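Residue-level structure breakdown
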Amino acid sequence: MFVRNNHVIATEGNVIEIPDVLDGQTIIGIGNYAFSTAGKIAELILPSTLQTIGNGVFEGHALTSLDIPAGVTSIGYRAFYGNALSSINLPSGLKTIEGSAFENNQLQSVTLPDGIISIGYNAFQNNKITSITIPNTLEFLGSSAFESNNISTLNFQTGCQLKEIQPWCFSNNNIQNLSIPNSVLIIGDYAFRSNNSLSNVTFGANLLKIKRGAFNSCNLSSVNLPGSLVFLGRYA
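Now for a look at the structure at hand. (Residues numbered from 1 in each chain as written. Predicted model: local features only at pLDDT ≥ 70, side-chain atom pairs only at ≥ 80, totals over all residues. Heavy atoms only, no water.)

**A short note on the side chain of Asn 105**
Formally: Numbering of helices and strands runs from the N terminus, with a helix taken as a DSSP run of H or I at least four residues long and a strand as a DSSP run of E at least two residues long. Note on classification: 1.4 Å probe, protein chains only; a residue is buried when its accessible area is under 20% of the maximum for its type, exposed when over 50%, partly exposed between these limits. Each polar contact in these results corresponds to two N or O atoms within 3.5 Å; when the atoms are within protein, one needs to be able to donate a hydrogen and the other to accept it, and residues that are neighboring in sequence are counted only if both atoms are side-chain atoms. Pairs of residues are marked as contacts when any of their non-hydrogen atoms sit within 4.5 Å.
Along the chain, Asn 105 falls in the loop between strand S12 (96-97) and strand S13 (118-119). For Asn 105, a relative accessible area of 2% translates into the label buried. Side-chain polar atoms of Asn 105 contact the backbone oxygen of Glu 103, separated by 3.2 Å. When sequence neighbours within four positions are dropped, the list of residues in contact with Asn 105 reads Phe 80, Tyr 81, Gly 82, Asn 83, Ala 84, Leu 85, Asn 126 and Asn 127.

Here is the structure:
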């Protein structure tokens, strides 16, 4: 059963607890925008049976921490956009985080679970994340996914499958050293723009394209371009 905005959930003040069973049915999903008009939720307890969280479900509330149940495999577009989250616990079975899901929060650290496949555009934009490790299962990382954070350390797990770093993906951070994995073929427009502390980059052996402004406004002292490179964009 999916919780939708026509269901009545018991509340106490600005706390909401969604039960495992509602109207005699097990809760496995929360429908799009189900709690978009529920006031300012500050504390949220999700059902242990939950598998999917829809679009915009808890957008614009006042959540400061979040424990997502172990069975959740997908988090929808803008699901937790514009809260005050400083910490989240992402489950090990999570496969997909859609665009802007955690944009405009106060997250300082995020551990992406091994097994995650896709992270949408703007997913973690405008937070305070200081370090991130990209799992080797990730196949898609959307544009501006980690733009405007405080990332100083960016790591890619051995065996990385990511083929493209999308535009603006890590722009406006504090990355100091960067090693691009061999799987990456394309670095998109302005992908690492305005990492003012970035002084050293090691490129993967299979890189084909570095697009417009990819490392604009960084502090690179020297660059060794790989022999595989066929395109270098303006202001790169």
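**Focus on the environment of Ile 186**
Relative to the elements of secondary structure, Ile 186 occurs in strand S19 (residues 186-187). C-alpha separation for the pair Ile 186 and Ala 205, spaced 19 residues apart in sequence, amounts to 12 Å.

**A look at the sheet that holds strand S21 (residues 209-210)**
This is how it is decided: Strand pairing requires that DSSP identify at least two bridges connecting the strands.
The strand order S17-S19-S21-S22 describes an open sheet built from 4 strands, whose pairing is parallel. Either end of the sheet is taken by a strand with one partner, and the two such strands are strand S17 (164-165) and strand S22 (231-232). Here S21 pairs with S22 via 2 bridges, running parallel. Counterpart to Lys 209 in the pairing with S22 is Phe 231.

**Looking at the packing of aromatic side chains**
Going by this rule: Only rings of Phe, Tyr and Trp enter the pairing, Trp through its six-membered ring, and a pair is recorded when the two centres are within 6.5 Å. The plane angle decides the type: under 30 degrees is stacked, over 60 is edge-to-face, the rest tilted. When the NZ atom of lysine or the CZ atom of arginine is within 6 Å of a ring's centre and also within 35 degrees of its normal, the charge is said to sit over that ring.
All chains considered together, the criterion is met by 11 aromatic pairs. Seen from their ring centres, Tyr 77 and Tyr 121 are 6.4 Å apart, and the 45° between their planes marks the pair as tilted. Highlighted residues: Tyr 77 in the loop between strand S10 (74-75) and strand S11 (87-89) and Tyr 121 in the loop between S13 and strand S14 (131-134), separated in sequence by 44 residues. By relative accessible area, Tyr 77 is classed as partly exposed at 30%. Given the relative accessible area of 42%, Tyr 121 is considered partly exposed. Taking 5.4 Å as the distance between ring centres and 10° as the angle between the ring planes, the aromatic pair formed by Phe 102 and Phe 124 counts as stacked. Residue Phe 102 is found in the loop between S12 and S13, and its partner Phe 124 is found in the loop between S13 and S14; the two are separated by 22 residues along the sequence. Each of the two residues, Phe 102 as well as Phe 124, counts as buried. One aromatic cluster is present, formed by Phe 35, Phe 58, Phe 80, Phe 102, Phe 124, Phe 146, Phe 170, Phe 192, Phe 203 and Phe 215 through successive ring pairs. The ring of Tyr 81 carries the charged tip of Arg 78 above its face, separated from the ring centre by 3.8 Å.

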